[in-house]
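# Structural overview for review
Residue strings, one per chain:
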Amino acid sequence: MKVVVIGNGMVGSRFVDELVRRDETCEVTVLGKESHEPYNRVLLSSVVAGRTDPGSLAMASADSQRVRTLTGVGAVDIDRNARTVTDARGEVHSYDRLVLATGSQARIPSIQGIATDRGLLPGVSVLKDLADAEGIVAAIPKARRAVVLGAGVLGLEVATGLASRGLAVTLVHHSDRLMERQLGDAASRIATGSLQRLGVKVITENSVAHAIDRRGVLSAVTLRDGTEVLTDMLVMCAGTIPEAALARRAGLPCERGILVGADLASPADGDVYAIGDCAQPPEGGTGLVAQGWDQASRLVEQWAGARDDAEGPRSDDADPTNVVRVKASGLEVVTMGLSGKFDHGERELRAVRMSDPAIGRFVEVVVSHGLLVGATVVGDKATATELSALYTRMLPVPADPAHLIVRPLA
């Protein structure tokens with residue numbers, strides 16, 4: 001069986017490694033647009049913070065003579081009738097099965113003045129790949145101020161990382177609270193206080209409207225309410241967009257991402273699959289690498305006949321792919337499962353909360369039928385570790401949910 005994999009990132013490389021281990025007959029061609037070998041993108045914010053050396057991000061890839069990996073060579077065309085993929089060098093690769101693991105691209109908001117005919121204005125950047133991280137690090141010695149747009153997980157990590165490097169950081173977020181998808185109001189207020197103690201100024205319910213340059217280099221930004229903020233650096237952490245352009249040109253059904261069924265195959269072509277950030281499965285995408293790795297494993301098992309084709313992912317409750325961790329300098333935030341969400345219409349849910357703004361600690365647990373189905377932890381690493389273990393391993397919890405909070409702090 002000839003398999004072509006488009007994408008050599010964390011998900012594509014994991015899939016290839018597992019596939020050649022399970023199938024001793026397949027021949028795999030991998031097309032990777034980046035010139036790097038697979039690396040851990042999750043730690044890019046740690047590179048910005050100076051806690052991780054870029055050279056340590058490298059990940060192991062499949063070591064097999066049956067795998068041909070082309071780095072720095074992207075795919076430009078898919079011909080589903082001929083069952084071929086043409087790469088950027090003009091080479092044509094035939095396939096029996098095609099796997100799209102093209103990931104996502106950074107979403108660039110509509111901000112006046114951020115782009116020139118040569119790309120983003122010097123001083124303006126996103127953080128999506130290693131080149132972005134290295135560019136930000138190179139600019140830090142000449143910068144005194146930074147604006148970070150977006151207070152999701154990445155935005156918090158970048159803001160605290162730049163602050164730890166000595167920059168005066170302003171974090172701007174469109175919503176009324178940080179990490180609004182994961183945190184409720186109380187947890188967000190605790191996180192905001194912790195950020196302020198770390199030297200990060202937090203501005204919510206606002207956005208960047210205009211980038212101001214001086215001699216072709218960023219010097220300030222104007223917010224939507226007219227406030228001007230002096231800055232040497234603008235890092236946009238405004239989410240991602242699934243990389244589905246190649247699939248669209250090939251006539252594959254796409255909405256936000258590449259549509260796939262529970263078997264991860266395109267409904268228009270049973271020999272074309274999509275996994276990771278580029279895919280839009282029935283349950284939706286989380287944007288977390290754990291979901292992509294789970295999809296990679298499921299697809300390999302499915303091809304090996306060890307899994308029913310129609311079997312989808314595990315339930316949302318106690319799903320380790322639903323654990324969100326903020327890897328920030330001086331700020332500990334972990335959420336899992338039903339954290340921050342209580343409008344489920346399920347009376348069996350029991351929730352206990354502890355809030356201590358004075359020291360920046362917040363813990364909330366949600367229990368159902370003797371299991372931990374959700375939690376939010378801010379500012380308490382030990383408790384976060386214990387709750388994560390209970391959640392991901394689906395271990396029984398005490399009859400009184402309060403013991404989940406009291407016991408670790410005793």
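A short tour of the structure in this document, coming up.

Right, let's talk about helix α5 (residues 185–197) for a bit. Taking 1.5 Å as the rise per residue, α5 with 13 residues should run 18 Å; its terminal C-alpha atoms sit 19 Å apart, in good agreement. Along α5, the residues classified as buried are Ala 186, Ala 187, Ser 188, Ile 190, Ala 191, Thr 192, Gly 193, Ser 194 and Leu 195. Within two residues after α5, Gly 199 carries a phi angle of roughly 95°, on the positive side.

Per the counting criterion, the structure on display carries 15 salt bridges. Across the pair Arg 83 and Asp 271 runs a salt bridge, and its minimum N-O distance is 2.8 Å. Remark: Asp 271 occurs in strand β22 (residues 269–274) and Arg 83 occurs in the loop between β4 (75–79) and β5 (84–87); sequence separation between them is 188 residues. Taking the relative accessible area as the measure of exposure, Arg 83 reaches 29% and is therefore partly exposed. Residue classification places Asp 271 among the partly exposed positions, given a relative accessible area of 24%. Between Glu 91 and Arg 89 there is a salt bridge, and its shortest N-O distance comes to 3.4 Å. Each of the salt bridges in this network shares a partner with another, and the network as a whole consists of Arg 68, Arg 89 and Glu 91.

Taken in spatial order, the three strands make up an open sheet running β15-β16-β17, and their pairing is antiparallel. Whereas interior strands pair on both sides, the edge strands pair on one side only; in this sheet they are β15 (208–214) and β17 (228–230). Averaged over all neighbouring strand pairs, the angle between strand axes comes to 30°, with direction disregarded. Judged from the six bridges that link them, β15 and strand β16 (residues 217–223) form a sheet pairing that is antiparallel. Bridging from a neighbouring strand, Asp 213 pairs with Leu 218 of β16.

With respect to the helices and strands, Pro 242 occurs in strand β19 (residues 240–242). Once the C-alpha coordinates of Pro 242 and Gly 276 are considered, the two residues, 34 residues apart in sequence, prove to be 9.1 Å apart.

Here the focus is the side chain of Ser 175. Looking at the element boundaries, Ser 175 is found in the loop between β13 (168–172) and α5. A polar contact of 3.2 Å, which involves the side chain of Ser 175, links it to the side chain of Asp 176. Setting aside residues up to four positions removed in sequence, Ser 175 forms contacts with Glu 180, Thr 204 and Glu 205.

Criteria and thresholds
- Residues numbered from 1 in each chain as written.
- Predicted model: local features only at pLDDT ≥ 70, side-chain atom pairs only at ≥ 80, totals over all residues.
- Heavy atoms only, no water.
- Helix = DSSP H or I, 4+ residues; strand = E, 2+ residues; numbered from the N terminus.
- Expected span 1.5 Å × (residues − 1).
- Buried < 20%, exposed > 50% of the residue type's maximum accessible area, 1.4 Å probe, protein only.
- Salt bridge = Lys/Arg side-chain N within 4 Å of Asp/Glu carboxyl O.
- Pairing = 2+ DSSP bridges.
- Axes fitted to C-alpha atoms, helices over the stretch in contact; angles between N-to-C directions.
- Polar contact = N/O pair within 3.5 Å; in protein donor to acceptor, adjacent residues only side chain to side chain.
- Contact = heavy atoms within 4.5 Å.

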